[in-house]
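If you want the building blocks of each chain, they are given just below.
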Amino acid sequence: MNRKDIQLILKELNIVPKKRFGQNFLIDNATKDVIIKQAQISKDDIILEIGPGLGALTENLVKTAKKVYAVEIDSRLSSFLTNKFSDCQNLKIINGDILKINIPDHNKVVSNIPYKITGPILEKVFFNKNPPQGILTIEKAIADRIFSYETYKTSSRITISVNTFMKPVKKYKISRNSFYPIPNIALALVNLSPRESIDKFLINDYQRRFYLKILEGIMPFKNKNLANALELYTKKKLKLNLNKKDILNILEQNNIENNKVNTYKVSNFLEISKIFYNKIG
Ligand code: SAH
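Residues numbered from 1 in each chain as written. Predicted model: local features only at pLDDT ≥ 70, side-chain atom pairs only at ≥ 80, totals over all residues. Heavy atoms only, no water.

1. Section: the environment of E59
Here is step 1 of the chain: For E59, the location among the structural elements is in helix α3 (residues 58-64).
Here is step 2 of the chain: With a relative accessible area of 23%, E59 lands in the partly exposed category.
Here is step 3 of the chain: Once the C-alpha coordinates of E59 and L215 are considered, the two residues, 156 residues apart in sequence, prove to be 38 Å apart.
Here is step 4 of the chain: A distance of 3.4 Å separates polar atoms of two side chains, one belonging to E59 and the other to K84. (Helix = DSSP H or I, 4+ residues; strand = E, 2+ residues; numbered from the N terminus. Buried < 20%, exposed > 50% of the residue type's maximum accessible area, 1.4 Å probe, protein only. Polar contact = N/O pair within 3.5 Å; in protein donor to acceptor, adjacent residues only side chain to side chain.)

Here it is in structure tokens:
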């Protein structure tokens, strides 16, 4: 499908793309080829597509995969797709909000995702005990942060959270002209593999949420030292009266140095979470 095809379908359906839903439709076949190639779809794959739109990727996914679940929030688009793919046995179109539905089991996610909800999508779909492979077109700024694991200055909450569960494999810049309407952010394709093993602490749902809360709580203070960041977090967010001296004591007892937050890695954050889980979890 090129720009003209997409514009025609939208006109026939009487649809004006909604900014709120991040509706930017893929119109460039070369870009589509890059995404599909990167996805390396096999006949055993059970694929989740988030926001199939008019089905640009979907039509390629169903050719090879065992099963494709395509979750689309906009009922006008999901009805269009149900019609378009009425003969397709291995596709299930689900009209719903990816953040609200129970997602069927899958091993791979291939999507040009609604970029406004990238964080919540990553959290729901990938920050799990058994995450899928992810081939995703996302905002370039976020992609850069996911891949900036070795450069402390640019590492952020998303760098740490994604790298806890996923191994960044590949990143490509994608031209925003490949979409209609042209999005007002730069885009990148990322290929993320699940980590071979996920720390035992994160298997438990409550502990995993605690870990993600700690990241959310202290990463905004990534330029402060750990004790300060923990103090600010526990006071402001948890309303706990853990003063800096207590925190420094706990760190010392556990042989954790009090450095700048953005110098710690996933393993350090896990260690910190485990220690503070026993105190404040
Ligand atoms: N993948 C398509 C469309 C990308 S636009 C393509 O590449 O052409 C993003 C799509 O996500 C839109 O179809 C939009 O309606 C859908 N969407 C937005 N928010 C969603 C949500 N919360 N759950 C499911 N789909 C959503």
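2. Regarding a positive patch on the surface
Here is step 1 of the chain: Where like charges cluster on the molecular surface, the positive patch consists of R157, K224, K236 and K237.
Here is step 2 of the chain: In this fold, R157 is placed in helix α7 (residues 157-165). (Patch = residues over 30% accessible without salt bridge, like charges linked within 9 Å, V, L, I, M, F, W, Y side chains within 5 Å. Areas by Shrake-Rupley, 256 points an atom, 1.4 Å probe, with all protein chains shown as cover. Salt bridge = Lys/Arg side-chain N within 4 Å of Asp/Glu carboxyl O. Lys, Arg positive; Asp, Glu negative; His and termini not counted. Charge placed at Lys NZ, Arg CZ, Asp CG, Glu CD.)

3. Points about the pattern of salt bridges
Here is step 1 of the chain: On inspection of all chains with the given rule, the structure shows 12 salt bridges.
Here is step 2 of the chain: The closest approach of N and O atoms between K171 and D144, which form a salt bridge, is 2.6 Å. On the criterion of sequence distance, the pair formed by K171 in strand β7 (residues 166-174) and D144 in helix α6 (residues 140-146) is long-range, its members being 27 residues apart.
Here is step 3 of the chain: Taking the relative accessible area as the measure of exposure, K171 reaches 36% and is therefore partly exposed.
Here is step 4 of the chain: Judged by relative accessible area, D144 falls into the partly exposed class, the value being 25%.
Here is step 5 of the chain: Salt bridges sharing common partners tie together K32, E59 and K84.

4. Observations concerning empty space enclosed by the protein
Here is step 1 of the chain: Under the criterion given, the structure shown has one cavity of 30 Å³ or more.
Here is step 2 of the chain: Reported here for the largest cavity is a volume of approximately 30 Å³.
Here is step 3 of the chain: Lining the largest cavity are M1, L26, I27, D28, N29, K32, A56 and E59.
Here is step 4 of the chain: In terms of residue class, the lining of the largest cavity is made up of four nonpolar, one polar and three charged. (1 Å grid on protein atoms, 1.4 Å probe; cavity = no way out; pocket = protein on both sides within 12 Å on 5 of 7 lines; lining within 4 Å. Points joined across faces, edges and corners; volume = space filled by probe spheres on them. Nonpolar A, V, L, I, M, F, W, Y, C, P; charged D, E, K, R; others polar.)

5. A short note on the nonpolar core
Here is step 1 of the chain: The biggest cluster of nonpolar side chains holds 59 residues, and the ones touching the most others in it are Y211, F269 and F276.
Here is step 2 of the chain: Here this core gets eight residues from one element, more than from any other, and that element is helix α11 (residues 266-280).
Here is step 3 of the chain: Residue contributions to this core reach at least three from each of two domains, namely domain 1 (3-197) and domain 2 (201-280).
Here is step 4 of the chain: Within the second largest apolar cluster, 35 residues are counted, among which are L10, L26, A39 and V68. (Core = buried A, V, L, I, M, F, W, Y, C linked by side-chain atoms within 4.5 Å. Domains from an automatic or database assignment.)

6. A short note on helix α4 (residues 75-84)
Here is step 1 of the chain: Every buried residue of α4 is accounted for by L77, S78, F80 and L81. Here the buried residues of α4 occupy an arc of 160° about the axis, which is enough to place them on one side.
Here is step 2 of the chain: Elements in contact with the buried residues of α4: α1 (3-12), β1 (25-26), β3 (67-72) and β4 (91-95). (Arc of directions from axis to C-beta. Contact = heavy atoms within 4.5 Å.)

Interpretation in functional terms is not warranted from these geometric data alone.
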